[in-house]
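# Examination of the molecular architecture
Each chain, written out:
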Amino acid sequence: MGRISCVKTESYQFETLKQAVALHFERLGVQIPPEAHVVLKPNLIMRADPQRAATTHPLLVEAVAAHLRELGVRRITLADSPGGLYTPGLLKALYETTGMAAAAQKWGVTLNLDCSSRTLRVEQGTLCREFELITPIAQADYVINLCKLKTHCMTTLSCGVKNLFGCVPGLLKPQLHYRFPDGEQFAQMLLDLSLLVRPGLTVVDGVVGMEGDGPTGGSPRQVGCTLAAAGADLYALDLAAAAVLGLEPRQVPTLQAAIARGLCPAGAQLVEVAGDPLPHIQDFRLPATKLLDFTGNIPGPLAAVVRALRPWLTPHPRVRPADCIGCGRCAQSCPMHTISMEAGKAVIHPKDCIHCFCCHEMCPQRAIDIKTSPIFRFMSRG
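Residues numbered from 1 in each chain as written. Predicted model: local features only at pLDDT ≥ 70, side-chain atom pairs only at ≥ 80, totals over all residues. Heavy atoms only, no water.

Attention shifts here to the overall build of the chain. Assigned secondary structure in the chain consists of 15 helices and 15 strands. With the C-alpha coordinates of the chain rotated into their principal frame, the extents come out at 60 × 50 × 40 Å. A burial count over the chain gives 58% of its 382 residues as buried. Both charge centroids of the chain, one from 37 positive and one from 32 negative side chains, sit 4 Å from each other. (Helix = DSSP H or I, 4+ residues; strand = E, 2+ residues; numbered from the N terminus. Buried < 20%, exposed > 50% of the residue type's maximum accessible area, 1.4 Å probe, protein only. Lys, Arg positive; Asp, Glu negative; His and termini not counted. Charge placed at Lys NZ, Arg CZ, Asp CG, Glu CD.)

All right, on to empty space enclosed by the protein then. Enumeration according to the criterion identifies 3 cavities of 30 Å³ or more in this entry. Within this model, the largest cavity holds a volume of roughly 270 Å³. Every residue lining the largest cavity is counted, 23 residues in all, and those nearest its centre are Ile 45, Lys 162, Phe 165, Lys 173 and Glu 361. Of all elements in the fold, only α6 (160-163), α7 (173-179) and α14 (358-362) reach the threshold of two or more residues within the lining of the largest cavity. (1 Å grid on protein atoms, 1.4 Å probe; cavity = no way out; pocket = protein on both sides within 12 Å on 5 of 7 lines; lining within 4 Å. Points joined across faces, edges and corners; volume = space filled by probe spheres on them.)

Moving on to the pairing of strand β3 (residues 75-78). Across 4 bridges, the pairing between strand β2 (residues 37-42) and β3 is parallel. By the bridge assignment for β3, His 37 is matched with Arg 75. Where the polypeptide runs from β2 across helix α2 (residues 58-70) and back to β3, its parallel neighbour, the crossover connection is right-handed. Inspection of the sheet shows β3 paired to strand β4 (residues 110-111) by 2 bridges, in the parallel sense. (Pairing = 2+ DSSP bridges. Right-handed = clockwise from strand over helix to strand, strands pointing away.)

In terms of strand pairing, strand β1 (residues 3-8) meets strand β10 (residues 219-230) through 4 bridges, oriented antiparallel. Counterpart to Val 7 in the pairing with β10 is Thr 226.

Our focus in this paragraph is the nonpolar core. Counting residues in hydrophobic clusters, the biggest one holds 100 residues, and the most contacted among them are Ile 32, Leu 68 and Ile 144. Top element by residues in this core is helix α9 (residues 234-244). It accounts for 9 residues. Not counting residues up to four positions away in its chain, the partners in contact with Ile 144 are Phe 25, Ile 32, Val 38, Val 39, Leu 40, Lys 41, Val 64, Leu 68 and Leu 201. Counting 11 residues, the second largest nonpolar core, distinct from the first, contains Cys 324, Cys 330, Ile 348 and Cys 359. (Core = buried A, V, L, I, M, F, W, Y, C linked by side-chain atoms within 4.5 Å. Contact = heavy atoms within 4.5 Å.)

Attention now moves to unusual backbone geometry. Cis geometry is adopted by the peptide bond preceding Pro 215, which originates at Gly 214 and carries an omega value of 20 degrees. Within the secondary structure, Pro 215 sits in the loop between β9 (201-211) and β10. One non-glycine residue, Arg 198, adopts positive backbone phi at about 45 degrees. Considering the arrangement of structural elements, one finds Arg 198 in the loop between α8 (183-197) and β9. Its relative accessible area of 47% is what places Arg 198 among the partly exposed residues. The backbone of His 337 sits at a positive phi, close to 55 degrees, despite the residue not being glycine. One can find His 337 in the loop between α13 (329-333) and β13 (339-342).

What follows is the structure, given as structure tokens:
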């Protein structure tokens, strides 16, 4: 049985969010010593305005920082590593665009510009026994995981566990995609990482989430809540967040793996929810990559044909040349190096593509689409 807190939170108003954060801390019995070095780990996947709903909203960060100041915490650092290059200059631009620079200045939060990393071992790891972590996370006394509620083209759900992938330095992420191209293996790796980072508190920005081709190419969708869990209840929190979006655990690889490892309950009905009841959003759109899941709902003979044709029907990324600005972010993030820049445009060579969709995720122009077979779009309507 896991325990989480839910607060109905329908708008990004500072006082509303501050009250929600205080309720989460109280219900979960969170206590942080004033002398602790607390690191806030938001989702800053790319340079995007908060209204796009790809990143953690800066007012939630402000609300958490304000509450920490009331608790007497003196050292607060904000740190994340988006995909691609990890440099002080790029971090400064990221903080500015996402609204984190203004939030940090208001509450005296230090914005991390240290782009070094540390190698740490995780004794409970089943697939990975060590990770390279960004230095602030590696040296933190207490990590607060501030994730955004989103769909994800590879992992279906981006929430507490997936947000911790930002603790791995920029261009080391493609290496992990290369090592673990299979979705189930990638999920196991993420669980190992979560057991190393061990956030003391996880807070979900579910005021406005992202549906469709998340984590960056989807659309904002009102959800109207914030969720939180302390310590190891992180996995129960993801389970509850999936239920809010209408997802079953079998649809989310990290939840399947967490249940198999005994890290979280087998179903959302087993999670104790303190506070407001969980909302349940109808028809939350999944990524195009997940249309393949409909093979489990069609007659056996046809399903067998579809499975045989899967290599030809698998969703794949495709560049829209008219919208490509030639920035090269997709090529930098591709673990298989299947993307080249030709005549100032990105060209994807599909032969070695592992369908991790990092290119789609990291494109600042949203110029990379996920193309699916018409058969799955037809079945999704049925």
